[in-house]
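A structural walkthrough
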Amino acid sequence: AQAKIYAANAPVSFTIDPQTTSPYTVSFHNRLKRGSVSFTKTLKSSGEPLAYIPFRITNTDTNEVHYIITDENGRFDSERGAHSKDTNGADNILSAYTPDTDIIPGSVIDELVENGAAACGVWFTPGSADDAKKALPVGNYKIEEMKTERTKSLVMQTLSFTVTENGQAVDLGT
């Protein structure tokens, strides 16, 4: 008997021998498509990078939320370092603050910097942090800048982006 299995819209043909009495085993493995995001936070008036600025990232399809902080160059990249290194390490501290309403004290930012929060791994479920994969599953995301004592006079930015393809790198620029 002839049979076809369609995988990724391409048929895979095989023949089953009707004289065989042993069972046939076919294995399938689904792999979730994942991507990444990066940006540099700069001062609009001068283009100067702003170090250690906190942001909240929300998967708007699942409402999963994580918090990040830019590095000393104002840069964030969800693929910097290992996802498994202190995964979502800024969540415990920054989740106590609401973007655009609360002002995060300088002492809190200092604590995050001292604890290496800018190098923490980022990971959105499903699954456990896997350093061989991208951090964000396919979906729609919102990233919100959070007010600090240093930035409270600035306009906080909110951006949306979508991860649609496996391996996609979304660069939000500056």
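Reference entry: report on the structure contained in this document. (Residues numbered from 1 in each chain as written. Predicted model: local features only at pLDDT ≥ 70, side-chain atom pairs only at ≥ 80, totals over all residues. Heavy atoms only, no water.)

**Examining the sheet that holds strand β9 (residues 139-145)**
Strand order in this open sheet of four strands is β5-β4-β9-β11, and the pairing throughout is antiparallel. Each edge of the open sheet carries a strand with a single partner, namely β5 (64-69) and β11 (158-163). Within this sheet the neighbouring strands show an average axis-to-axis angle of 20°, counted without direction. Both strand β4 (residues 54-59) and β9 contribute to a ladder of five bridges, which runs antiparallel. Within β9, the position partnered with R56 by the bridge is E144. (Pairing = 2+ DSSP bridges. Helix = DSSP H or I, 4+ residues; strand = E, 2+ residues; numbered from the N terminus. Axes fitted to C-alpha atoms, helices over the stretch in contact; angles between N-to-C directions.)

**With respect to the nonpolar core**
Judged by nonpolar contacts, the single largest core of 17 residues is most densely connected at I57, I68, F76, L136, Y141 and F161. Those elements that provide at least two residues to this core are β3 (34-40), β4, β9 and β11. Those residues in contact with I68, other than ones at most four positions away along the chain, are F39, I53, P54, F55, I57, F76, L94 and V122. In this structure, A90, L94, I109 and C120 belong to the second largest nonpolar core, which totals 13 residues. (Core = buried A, V, L, I, M, F, W, Y, C linked by side-chain atoms within 4.5 Å. Buried < 20%, exposed > 50% of the residue type's maximum accessible area, 1.4 Å probe, protein only. Contact = heavy atoms within 4.5 Å.)

**Quick notes on the pairing of β3**
Across the seven residues that make up β3, a large majority, seven, are buried. Burial of β3 is two-sided: the residues R34, S36, S38 and T40 facing one way and the residues G35, V37 and F39 facing the other way are all buried. With two bridges joining them, β3 and strand β8 (residues 136-137) adopt antiparallel strand pairing. Bridging across to β8, R34 finds its partner in P137. Pairing between β3 and strand β12 (residues 169-171): three bridges, direction parallel. Its bridge partner being in β12, S36 is matched across the sheet by A169.

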